Amino acid sequence: MNPREEVWQNEIDRRLASGDGMEFSVAQFAGAVDAGTDPATVANFLDQTVKSGAARKFKVSRCPVKGCTRVLGTSDITFSTCPYCLTDFQQEGLEVTQEDFYKLNGEISRDIRWMIVVHGMNSRAKWQEEFSWQIANRLRYSAPVLIYKYGWVTIDVLMRWLHRRHAKQLGDRIKIAIDQANTSGRPREPDIIAHSFGTLLLSLILEDDRFDDLRFGRVILAGSIVRPDFNWGKHVTSKRIGAILNHVGGEDVPVRYAQYAIPGSGPGGKVGYADNAVLNIRSVGFGHSDFFEPSTLRGLIADGGLWHSFLTHPLSQFRPVEGFSPVGRWKPASRVLRWPSRLVGYVIFWIVAPESWLRRRFDP
């Protein structure tokens, strides 16, 4: 092996070790190792890598539109429109272009293909626009972000039957989004980021037989109010969820006391989940909504940021230092402590219900 090929082999080894850049074209690989290298020489080296069994070769389709030219998928799939620039190829008289690609035989990094964000109560903050912008630009993915808005929720959190109604509405909306994504050539499993009350709605969807057909990629729980004894592992084992990150705020006060006011809730976003299927991460200084402060959010989804790494890296390569396991077995607070506060909540509900209904009516 000559010195130049040794550099190329080192690049192959680096990608195999990190799980990054496992799929590439000849031009992409040549640009990574030596921009001036003859592509034909690189292609010959990569073909030898295929013969050794370390990689495989396949063809992909690219959008033929100038200014787009994105990879659409493998050549065995017929594309009539581009899901990125939305060009109708037949209408414009265009044909997709074909190109050789190589894929290393190892655990690959993953793309954020599309995402659903389920926010907490009454969240209309600027972080929603910030989040969509950062995903589209900072991460450099064409990843549609659906931020599900269920209107103003205040006293609704005091009634379990209203939780189920909101969860059904969310489940129905996710089904529509998945069908739309499938039509656009995207996978049926969106990644999910859920915050606060949104985490509780997600858990109700997972336990609802009407939504057994829903599948999700990687799930991030932020400020979770789902009980610490919730069986997340069941849904990972059944392949309904790819992986789960529970991001805990060390200064999250609302999560600590949620069980006293919100039926069916618990401090999962405070004490963590003992379930081995969940990766618990604690950020010591975070409060309940600090995850979505613009400067914090930028750091979380920047290259190498916690959320970015979880969403894109092979799980075997994801080993954050802030990880922890819950100590002891969680038990809900005594009913003697919970029921007085719940009773007060029910009284407040029926007093405030008319005003709340009017607010939702005119400010959905």
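Procedures and definitions
Residues numbered from 1 in each chain as written. Predicted model: local features only at pLDDT ≥ 70, side-chain atom pairs only at ≥ 80, totals over all residues. Heavy atoms only, no water. Helix = DSSP H or I, 4+ residues; strand = E, 2+ residues; numbered from the N terminus. Buried < 20%, exposed > 50% of the residue type's maximum accessible area, 1.4 Å probe, protein only. Pairing = 2+ DSSP bridges. Axes fitted to C-alpha atoms, helices over the stretch in contact; angles between N-to-C directions. Contact = heavy atoms within 4.5 Å. Arc of directions from axis to C-beta. Core = buried A, V, L, I, M, F, W, Y, C linked by side-chain atoms within 4.5 Å. Phe/Tyr/Trp six-rings, centres within 6.5 Å; stacked < 30°, edge-to-face > 60°. Polar contact = N/O pair within 3.5 Å; in protein donor to acceptor, adjacent residues only side chain to side chain. Salt bridge = Lys/Arg side-chain N within 4 Å of Asp/Glu carboxyl O.

Visitor: Would you take a moment to explain the overall build of the chain for this structure?
Guide: Counting its secondary structure elements, the chain contains 13 helices and ten strands. In the chain, which comprises 364 residues, the share counted as buried stands at 47%.

Visitor: Help me understand the sheet that holds strand 10 (residues 278–283), please; the structure alone is not making it clear to me.
Guide: Sheets are built from strands that pair by backbone hydrogen bonding, the pairs being arranged parallel or antiparallel. Pairing in this open sheet of six strands is parallel, and the strands run 6-5-7-8-9-10 from one edge to the other. Pairing within the sheet leaves two strands with one partner each, and these edge strands are strand 6 (145–148) and strand 10. The sheet shows a mean angle of 15° between the axes of neighbouring strands, taken without regard to direction. The sheet contact formed by strand 5 (residues 115–118) and strand 7 (residues 191–195) spans four bridges and is parallel. Its bridge partner lying in strand 7, Met-115 is registered against Asp-191.

Visitor: What am I meant to see in the sheet that holds strand 1 (residues 23–25) here?
Guide: Ordered by their spatial adjacency, four strands build an open sheet running 1-4-2-3, and the pairing between neighbours is antiparallel. Only two strands of the sheet have a single neighbouring strand rather than two, namely strand 1 and strand 3 (71–74). When strand polarity is set aside, the average angle formed by the axes of neighbouring strands in this sheet is 40°. Strand direction decides the pairing type here: strand 2 (residues 55–62) and strand 4 (residues 97–104), joined by eight bridges, are antiparallel. Bridge pairing links Arg-62 to Thr-97 in strand 4. Against the sheet, helix 2 (residues 26–33) touches strand 1, strand 2 and strand 4, its axis set at about 95° to strand 1.

Visitor: I tried to follow helix 2 on my own but got confused; where do I start?
Guide: In an α-helix, one turn spans 3.6 residues; hence positions three or four apart end up facing the same way. The complete set of buried residues in helix 2 reads Val-26, Phe-29, Ala-30 and Val-33. Looking straight down helix 2, one finds that the buried residues subtend no more than 100° of arc, so they occupy a single side. Those residues of helix 2 that are buried are in contact with helix 1 (3–18), strand 1, helix 3 (39–51) and strand 4.

Visitor: Would you mind showing me how to read the environment of Arg-160 here?
Guide: Tracing the backbone shows Arg-160 in helix 6 (residues 160–183). Sequence separation between Arg-160 and Gly-264 is 104 residues; the distance between their C-alpha atoms is 7.3 Å. Contacts of Arg-160, omitting those with residues within four sequence positions, involve Leu-200, Leu-204, Pro-263 and Gly-264.

Visitor: Even after reading the chapter, I still don't get the pairing of strand 5, so can you show me in this structure?
Guide: Along any regular strand the residues' side chains alternate between the sheet's two faces. Side chains of strand 5 alternate between two faces, with Met-115 and Val-117 and Ile-116 and Val-118 buried alike. In the sheet, strand 5 pairs with strand 6 via four bridges, with the strands oriented parallel. Directly across from Val-117, in strand 6, lies its bridge partner Ile-147.

Visitor: I would appreciate a short explanation of helix 11 (residues 294–301) in the present structure.
Guide: Residues Leu-297, Leu-300 and Ile-301 constitute the buried set of helix 11. The buried residues of helix 11 occupy an angular sector of 80° when projected down its axis, which confines them to one face.

Visitor: So what exactly am I meant to see when it comes to the nonpolar core here?
Guide: Soluble globular proteins tend to pack their nonpolar side chains together in the buried interior. In terms of nonpolar packing, the biggest core is built from 35 residues, with Ile-174, Leu-202, Phe-216, Val-219 and Trp-232 touching the most fellow members. Mapped onto this core, the elements with two or more residues apiece are strand 5, helix 6, strand 7, helix 7 (197–206), strand 8 (216–222) and strand 9 (241–249). Ignoring anything within four residues of it in the chain, the contact list for Leu-202 reads Ile-192, Ala-194, Phe-216, Val-219 and Leu-221. Grouped together as the second largest cluster of nonpolar side chains are 22 residues, Ile-281, Phe-286, Phe-291 and Phe-292 included.

Visitor: What's the story with the packing of aromatic side chains in this structure? I'm lost.
Guide: Each aromatic ring pair is described using two quantities: the centre-to-centre distance and the angle formed by the ring planes. Scanning all chains against the criterion turns up ten aromatic pairs. Residues Phe-58 and Phe-101 carry aromatic rings whose centres are separated by 6.2 Å and whose planes lie at 50° to one another, so their mutual orientation is tilted. In this pair, Phe-58 sits in strand 2 while Phe-101 sits in strand 4, placing the two residues 43 residues apart along the sequence. In this pair, the class of Phe-58 matches that of Phe-101, namely buried. Feature note: the residues Phe-24, Phe-29 and Tyr-102 constitute an aromatic cluster, connected by ring pairs.

Visitor: What exactly am I supposed to notice about the environment of Ser-196 here?
Guide: For Ser-196, the location among the structural elements is in the loop between strand 7 and helix 7. Considered as a pair, Ser-196 and Ile-225 are 29 residues apart in the sequence and their alpha carbons are 5.8 Å apart. In terms of polar contacts, Ser-196 uses its side chain to reach the side chain of His-288, at 2.9 Å.

Visitor: Even after reading the chapter, I still don't get the pattern of salt bridges, so can you show me in this structure?
Guide: Oppositely charged side chains are able to pair whenever their charged atoms sit close together. Scanning the model with the defined rule gives 13 salt bridges in all. Between Lys-57 and Asp-100 there is a salt bridge, and its shortest N-O distance comes to 3.8 Å. With a gap of 43 residues between them, Lys-57 in strand 2 and Asp-100 in strand 4 connect regions that are remote in the sequence. On the basis of relative accessibility, which here comes to 39%, the residue Lys-57 falls in the partly exposed class. Overall, the relative accessible area of 27% leaves Asp-100 in the partly exposed class. For Asp-213, the salt bridge is made with Lys-175, and the minimal N-O distance between the two is 3.8 Å. Here Lys-175 lies in helix 6 and Asp-213 lies in the loop between helix 7 and strand 8, a separation of 38 residues in the sequence. A relative accessible area of 51% means that Asp-213 is categorised as exposed. Residue Lys-175 is classed as partly exposed on the basis of its relative accessible area, which comes to 28%. Salt bridges sharing common partners tie together Asp-47, Lys-57, Lys-59 and Asp-100.

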